[in-house]
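Coordinate inspection notes
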Amino acid sequence: MEESSDTSLKSWLKKVIDVVYDMEDALDHFKLHLVRDRGHGFYASLLKITGCISSLQARHRIASEMLEIRSRVVDIAGSYRSYLMQNNIMEKDLNYTTSASHQPRTRETPSTSSLEEDNLVGIEGAKEQLINWLVRGKFDREVVSVVGMGGLGKSTLVKLVYGDAEVMKHFELRAWVTVSQSFKIEELLKDIIQQISRVPNKSADHLEMDSEGEDKFKLITAINEFLRQKRYLIVLDDVWDTYAFDAFVRALPRNNCGSRILLTTRIVTVATMKSPEKVYALNPLSPEDSWTLFCKKTFKNNSCPPHLKDVSEKILHRCEGLPLAIVAVSGVLATKDESREDQWEMIHRTLVYDDSMLNLRRVLSLSYNDLPYFLKSCLLYFSVFPQNYRIKSARLVRLWIAEGFVNEREGMTLEEVAEAYLNELIMRNLVQVVEANIDGRVKTCRIHELLHEIVISKARDQEFITIVKSQSKILPEKFRRVSFHDTTPSIRHIASQQLRSLLMFWARDSLSESPVFYSSFNHSRLLNVLDLEGAPLKEFPQEIVSLSLLKYLSLRDTKVNSIPRSIGKLQNLETLDLKHAHVTELPAEILELQKLRHLLVYRYQISSDYEIYTKNGFKAPALIGSQKSLQKLCFIEANQGGNLMQELGKLNNLRRLGIVKLREQDGMALCSSIEKLMNLRALSITSMNESEIIDLESLSTPPTFLQRLYLAGSLQKVPDWIPALDSLVKVVLKWSKLSDDPLLSLQRLPRLVHLELVQAYDGKEFYFQQKGFQSLKLLGLSKLERLEEIKVEKGAMPCLQKLIVQSCHSLQKVPLGIQYLVKLKLLEFINMPIELIMKMDPNGEHGDHWKVKHIPEVHFSYWNNGNWDSFSLNSFRDDKILPSPAIRSLAIKIFSFTFVM
């Protein structure tokens, strides 16, 4: 139904929402009776369930509630028909915004870059001007601003400039931070440190400052010192006032190296005060560029059918050249039947304002209204998260499932359906991909801040969410979901009989204060979701086990070190997330959780100098094979004896399996189990230690659809079954110490995009043959101590984008044939010999600089006196910013470093 300001309609919608929620409450209270006060054992449970159902009191109460709800539904339906008659509305007219298909699109999600490129039209001049300001001009640090109203595409334009080859080559170091209105300066400063120090990506989440309570001044000092002799580019995206700019600028030194600060803002005064000479005012698209973008996003062949041209032009006129409005309305129209011109006319009539911002909000609201019912709740759920929060897609998928938003579809798991939902929202230009894995899977996402405002408004209207940003907030009498942003609550203040979900997002200054759990959880017995990720908890809150209907429990990134036996009471639990908690063993009662789908119990330990990297799992109950619903199990310790490896073969729904501490003698039993896990998509196996052999030779029929494989342990050879897995997209071999070149076995894998070899080969030469690794995008080589030469034949690795070489101390020559890797965007050397680095000096007379000059980013990193330092090839190109003699001498001090997975 079209959104309306009609008071009677809003009143009717309020009644519908209330009756739906009351029906949910009645059904969930009935479920609660079924699981309450059970004894132990099958017969005791059966007797108590039967007794509960047969209880005349319970049956009478439920029946009475349902009769009362039925009566309300009849009244609501009658008032709805009366409203339609009074306003001369035909019911069929209300379906104009219904999507052509209620099935989410399952086509492959485009990469982040391709999605952004699709939205870029008419920005060539703006891009050229910004690049000119950044790479030319004064050596003094300068500020460049892009200003314009929301929805014009400021961030999209700046991302294109930020990733331009000329810009990447020009600046030694780059960092991007999204500031927004409610920024936390300490968190963003730490983010800058992680980006400019070039700490390996996978360890960035666990980077710790020298002292945990390091204040803003120390962070500013650390950044300032690190950048003092560097030519840097820092993007401050979405700056709302001069205070926000000033908070960062003190960390960014005026170093006379040609550094630049590039900011985006809606506020003209911010832009003119901070960069009066270099302000680019971004204007709406011209009619011609608007039409090009509209057709590209709306029609499959980029061409508008003649009979839709007039109405399309009228719709486009209402968008007033705003790219966000154009792609949003295109996302709606792309789902419509092109033969139904009346549907397009109806959409045009909804865009009635002359004000561009009002029409933009109208378009975004239309995009929501157009969604099928199963996607509306999914989009509303983004209101739970703080603005500009980077949401991990895996977390989002599991939350959607726990909330009951995901419908079953034949031949698909709930997780696959939820991923299709997310994909559909991305295709409709409602969800932005922030980060994607090299194989294209969405890693993190968010929604545009303007859409976030609209979603929050709709969520409040529908009593979908209550957001708490201070302890003084007065909560409504009834609320179903509560999300705490940057404040530490006391649970006694949020008890509600209707509460279904409680999520907390922790502010840095609240981490010293633990949430207070009281017995008032007894008043919130219908809770389905409890997400305490990052909470300052040291012990498992015992009150949680009283939440019989709980489906999702996250204690990720807490200091909780044990799980009580009473966990077995949570019979409906589907997700138990203990990643990066301190739990090392689970009680046998975990086996009572027969609905459990995701069991994540592991953490990484990384030493301060990153020399030691350990993956810790957990001791599982001996009969783990009884948990038939498990889809993700990470990481189970294999050295417990008994029949644990055989038990794994019973988990035939597993999609992802992680094993640590595997012994050689357990290899045959594990192979037998893996052959039964035909739904497996990801397999990670780590041996007891570097010298322990992983024996996988007896695996004859591996899971056909295996996509990701991680093997850490000694291998006598590359297992024969690996080259036959055509679905593999990622392979990591660590500690293998192979005598034969593993490239020969892996080079023909048709979909392989990510390959890492860590202490995997004892040979002196790697030879990448022509037509080998045709899909590879990322290659990591680490701690190959005897490797002296890398040869790349023309035609090998034609798609390679990133090459990272680390701690290969015998490699003193630039890879031969690297000039053939024309798509290479990043070449990174970590703890490599100074002889290799100096051969790429562009000022050298007989060097190899010509081989790498086509690569936008070439970086060198090394560990020095407890800190990472890095410089780029650009350091050699300008006498003003040559690495100092001290830096050059420090580069010689190469330390060992385990390549973090």
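Everything numeric here is computed off the predicted structure, so don't read it as measured data.

Definitions and limits used
Residues numbered from 1 in each chain as written. Predicted model: local features only at pLDDT ≥ 70, side-chain atom pairs only at ≥ 80, totals over all residues. Heavy atoms only, no water. Helix = DSSP H or I, 4+ residues; strand = E, 2+ residues; numbered from the N terminus. Buried < 20%, exposed > 50% of the residue type's maximum accessible area, 1.4 Å probe, protein only. Contact = heavy atoms within 4.5 Å. Areas by Shrake-Rupley, 256 points an atom, 1.4 Å probe, with all protein chains shown as cover. pLDDT = per-residue confidence, 0-100. Pairing = 2+ DSSP bridges. Axes fitted to C-alpha atoms, helices over the stretch in contact; angles between N-to-C directions. Patch = residues over 30% accessible without salt bridge, like charges linked within 9 Å, V, L, I, M, F, W, Y side chains within 5 Å. Salt bridge = Lys/Arg side-chain N within 4 Å of Asp/Glu carboxyl O. Phe/Tyr/Trp six-rings, centres within 6.5 Å; stacked < 30°, edge-to-face > 60°. Lys NZ or Arg CZ within 6 Å of the ring centre and 35° of its normal. Arc of directions from axis to C-beta. Expected span 1.5 Å × (residues − 1). Core = buried A, V, L, I, M, F, W, Y, C linked by side-chain atoms within 4.5 Å. Left-handed = near helix turned anticlockwise from the far one by under 90°. Nonpolar A, V, L, I, M, F, W, Y, C, P; charged D, E, K, R; others polar. Parallel < 35°, antiparallel > 145°, perpendicular 65-115°, else oblique.

Some thoughts on the overall build of the chain
Along its length, the chain carries 26 helices and 30 strands. Across the 901 residues that make up the chain, the buried fraction comes to 56%. Taking the intrachain contacts of the chain between residues at least 6 apart in sequence as the baseline, contacts between residues at least 24 apart amount to 64%. Of the accessible surface of the chain, which amounts to about 38600 Å², a share of 49% is contributed by carbon and sulfur atoms.

Quick look at the confidence of the model for the chain
Averaged over every residue, the pLDDT of the chain is 83; the share at 70 or more is 81%. Taken together, the stretch residues 92-101 has pLDDT below 50 and engages in 24 contacts with residues farther than four places along the chain or on a different chain. Ignoring residues within four places in sequence, the model shows residues 201-213, a span with pLDDT below 50, making 22 contacts including any to other chains.

Focus: the sheet that holds strand β3 (residues 232-239)
With parallel pairing, the five strands of this open sheet are ordered in space as β2-β3-β4-β1-β5. Looking along the sheet, the strands with just one partner apiece sit at the ends: β2 (173-178) and β5 (279-281). Strand after strand, the sheet turns through a mean of 15° between neighbouring axes, direction not considered. Bridge count for β3 against strand β4 (residues 260-265) is five bridges, and the pairing is parallel.

Topic: a nonpolar patch on the surface
Where nonpolar side chains cluster on the molecular surface, the patch consists of M23, L27 and V73 and spans about 220 Å² of accessible area. Checked against the element boundaries, V73 lands in helix α3 (residues 56-86).

Things to note about the packing of aromatic side chains
How two aromatic rings sit relative to each other is set out by the distance from centre to centre and by the angle between their planes. Considering all chains together, one arrives at 22 aromatic pairs under this definition. Here the aromatic rings of F382 and W400 are separated by 6.5 Å at their centres, their planes lie at 70°, and the arrangement is edge-to-face. Here F382, found in the loop between α17 (373-380) and β6 (391-392), pairs with W400, found in helix α18 (residues 393-403); they are 18 residues apart in sequence, far enough to count as distant. The exposure class assigned to F382 is buried, which follows from its relative accessible area of 1%. For W400, a relative accessible area of 0% puts it in the buried group. Ring centres of F860 and F871 lie 5.3 Å apart, and the angle between their planes is 45°; this geometry places the pair in the tilted category. Here the residue F860 occupies a position in strand β29 (residues 857-864), and F871 occupies one in strand β30 (residues 867-872), the gap between them amounting to 11 residues. Exposure remark for F860: the relative accessible area of 0% places this residue in the buried category. Given a relative accessible area of 4%, F871 falls into the buried group. Here a set of aromatic residues connected by ring pairs shows up, and it is made of Y381, F385, Y389, F405, F464 and F505. Above the plane of the ring of Y368 lies K376, whose end atom (NZ or CZ) is 5.7 Å from the centre.

Some points on the sheet that holds strand β8 (residues 442-446)
On the basis of which strands lie adjacent, the open sheet formed by three strands has the order β6-β8-β7 and antiparallel pairing. In this open sheet, the two edge strands, each paired with only one partner strand, are β6 and β7 (432-436). Summarising the sheet, β6 and β8 pair through two bridges and their orientation is antiparallel. Among the inter-strand pairings, I391 is bridged to a residue of β8, identified as C445.

A word on the environment of D461
Mapped onto the elements, D461 comes out in helix α20 (residues 449-461). Remark: the alpha-carbon pair of D461 and L13, spanning 448 residues in sequence, is separated by 9.6 Å.

Some words on the pairing of strand β18 (residues 632-637)
Of all six residues that make up β18, six are buried, and the element is covered over most of its length. Sheet topology note: the strand β15 (residues 598-600)/β18 ladder contains three bridges and is parallel. Looking at the pairing, L599 lines up with L633 of β18. Looking at chain direction, β18 and strand β19 (residues 656-662) are connected through four bridges and run parallel. Bridging from a neighbouring strand, I636 pairs with I659 of β19.

So, the pattern of salt bridges
One pass over the structure, following the stated rule, counts 30 salt bridges. Where E313 meets K309, a salt bridge forms, and the shortest distance between an N and an O atom there is 2.5 Å. With E313 and K309 both in helix α13 (residues 309-319), this residue pair falls four residues apart, about one helical turn. Across the pair R565 and E589 runs a salt bridge, and its minimum N-O distance is 3.0 Å. With R565 in the loop between β13 (552-554) and β14 (575-577) and E589 in the loop between β14 and β15, the pair connects residues that are 24 residues apart, well separated along the chain. Exposure remark for E589: the relative accessible area of 16% places this residue in the buried category. A single salt-bridge network, built from bridges that share partners, covers K336, D370, E424 and R428.

A word on helix α6 (residues 154-162)
Every buried residue belonging to α6 is among K154, L157, V158, V161 and Y162, and all of these are buried. What you see down the axis of α6 is that its buried residues fit within an arc of 140°, all on one side.

Some points on unusual backbone geometry
The linkage connecting C634 with the following residue, F635, adopts the cis geometry, with an omega of -10°. Inspection of the secondary structure assignment puts F635 in strand β18. Even without a glycine there, the phi angle at N256 is positive, about 55°. Looking at the secondary structure, you find N256 in the loop between α10 (242-249) and β4. You will see that F773, though not glycine, has its phi angle at about 50°, which is positive. As for its placement among the helices and strands, F773 is situated in the loop between β24 (765-768) and β25 (778-782).

Remarks on α20
When the terminal C-alpha atoms of α20 are compared, their 18 Å separation across 13 residues agrees well with the 18 Å that a helix rising 1.5 Å per residue should span. What α20 keeps buried is the set E449, L450, L451, H452, I454, V455, I456, K458 and A459. Following α20 by one or two positions, E463 adopts a phi angle in the positive range, close to 55°.

What to know about the pairing of strand β23 (residues 754-758)
In terms of burial, β23 is largely enclosed, as five of its five residues are buried. What you see with β23 is no split at all: H754, E756 and V758 on one side and L755 and L757 on the other are buried throughout. Relative to β23, strand β22 (residues 730-734) is paired through five bridges, and the arrangement is parallel. Bridge assignment links K730 to a residue of β23, and that residue is H754. When β23 meets β25, the two strands line up parallel, connected through five bridges. Paired with E756 across the bridge in β25 is G780.

Looking at the side chain of N528
Within the secondary structure, N528 is located in the loop between β11 (501-505) and β12 (529-531). Among the residues examined, N528 registers a relative accessible area of 10% and is labelled buried. Each residue touching N528, except ones within four places of it in the same chain, is listed here: A402, R500, L549, L550, K551 and Y552.

Some points on the nonpolar core
L633, L648, L755, F766 and F768 are the most contacted members of the largest nonpolar core, which has 117 residues in total. In contact with L648, other than residues within four places in its own chain, are I624, L633, I636, L657, I659, L670, S673 and L677. With 98 residues, the next largest nonpolar core counts V135, V329, I347 and L379 among its residues.

Focus: the packing of helix α12 (residues 287-298) against helix α14 (residues 323-333)
It is the contact of α12 with α14, at a shortest axis distance of 8 Å, that shows an interaxial angle of 30°. Handedness of the α12/α14 crossing: right-handed. Where α12 abuts α14, its residues S290, L293, F294, K297 and T298 lie against P323, I326, V327, V329, S330 and L333. Grouping the amino acids of the contact of α12 with α14 by side-chain chemistry returns seven nonpolar, three polar and one charged.

Brief notes about the packing of α18 against helix α19 (residues 414-427)
In contact at an axis separation of 9 Å, α18 and α19 are set at 115° when each is read in the N-to-C sense. By the angle between their axes, α18 is roughly perpendicular relative to α19. Note that α18 runs across α19; the crossing there is right-handed. Residues S393, L396, V397, W400 and I401 of α18 form the contact with α19, whose own contacting residues are L414, E415, A418, E419, Y421, L422 and L425. By residue class, the composition of the contact of α18 with α19 is nine nonpolar, one polar and two charged.

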